[in-house]
Amino acid sequence: MTELDVAGLQRRLADFAAARDWEQYHTPKNLAAALSVEASELVEIFQWLTPEQSVRVMDDPESAHRVADEVADVLAYLLQFCEVLGIDALAALAAKIDRNERRFPAT
C-alpha cells in the first residue's frame, strides 16, 4: 500500500534515490537548484496564458497532466530538501502561517 503522508512519501523518495545510488547528489544546494528548475517548468506552462486561460488549465486533459506532473516534481524535490536538512515541512508551514497572521491581521 502506498503511504500518502509526508513521512511515507519522504521514505519512498529516499528509497528510490538509494536504490539508484543518487544520495551523493542530494545535497541541499543541488536539491534547491532542482526545486527551482521544476518550479520554473511549472511557470512555463502558464507563461503565455491569459488569466482566464490559466484558470481553465485543468479543463484540458493534456495540460492538466503536465501541471500535475510538474507539481509532483516540485513537491518531490521540496520533500527531499526538507529531509536532507531535517525540516518538518508541515510544522514550518504552520509556523509561517502563524507569523503571517500576526504580521497581516484581518481587517
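Right above here is the structure, for reference.
Notes on the structure follow.

To continue, consider a nonpolar patch on the surface. Where nonpolar side chains cluster on the molecular surface, the patch consists of Phe 16, Trp 22 and Tyr 25 and spans about 330 Å² of accessible area. Its location among the elements puts Phe 16 in helix α1 (residues 6-19).

With 25 residues, helix α4 (residues 61-85) should reach 36 Å at 1.5 Å per residue; the first-to-last C-alpha distance of 36 Å fits that figure. Taken together, the buried residues of α4 touch α1, α2 (28-46) and α5 (89-103). Gly 86, located one to two residues past α4, shows a positive phi value of around 70°.

Moving on, we get to the packing of α2 against α4. Running from N to C, α2 and α4 point in directions that differ by 160°, and their axes come no closer than 9 Å. Here α4 runs roughly antiparallel to α2, going by the angle between their axes. Classified by chirality, the crossing of α4 by α2 is left-handed. Facing α2, whose interface residues are Pro 28, Leu 31, Ala 32, Ala 34, Leu 35, Glu 38, Ala 39, Glu 41, Leu 42, Ile 45 and Phe 46, α4 presents Arg 66, Val 67, Glu 70, Val 71, Asp 73, Val 74, Tyr 77, Leu 78, Gln 80, Phe 81, Val 84 and Leu 85. A per-class count over the contact of α2 with α4 returns 17 nonpolar, one polar and five charged.

Taking 1.5 Å of rise per residue, 15 residues should cover 21 Å, and α5 covers 21 Å from first to last C-alpha, within 8% of that figure. Residue Asp 88 occupies the N-cap position of α5, its side-chain oxygen lying 3.1 Å from the main-chain nitrogen of Leu 90.

In contact at an axis separation of 10 Å, α1 and α4 are set at 90° when each is read in the N-to-C sense. Compared by their axis directions, α1 and α4 come out roughly perpendicular. Taken together, the residues of α4 that come into contact with α1 (itself represented by Val 6, Leu 9, Gln 10 and Leu 13) are Ala 76, Leu 79, Gln 80, Cys 82 and Glu 83. When its residues are assigned to classes, the contact of α1 with α4 shows six nonpolar, two polar and one charged.

Parameters and conventions
Residues numbered from 1 in each chain as written. Predicted model: local features only at pLDDT ≥ 70, side-chain atom pairs only at ≥ 80, totals over all residues. Heavy atoms only, no water. Patch = residues over 30% accessible without salt bridge, like charges linked within 9 Å, V, L, I, M, F, W, Y side chains within 5 Å. Areas by Shrake-Rupley, 256 points an atom, 1.4 Å probe, with all protein chains shown as cover. Salt bridge = Lys/Arg side-chain N within 4 Å of Asp/Glu carboxyl O. Helix = DSSP H or I, 4+ residues; strand = E, 2+ residues; numbered from the N terminus. Expected span 1.5 Å × (residues − 1). Contact = heavy atoms within 4.5 Å. Axes fitted to C-alpha atoms, helices over the stretch in contact; angles between N-to-C directions. Parallel < 35°, antiparallel > 145°, perpendicular 65-115°, else oblique. Left-handed = near helix turned anticlockwise from the far one by under 90°. Nonpolar A, V, L, I, M, F, W, Y, C, P; charged D, E, K, R; others polar. Polar contact = N/O pair within 3.5 Å; in protein donor to acceptor, adjacent residues only side chain to side chain.

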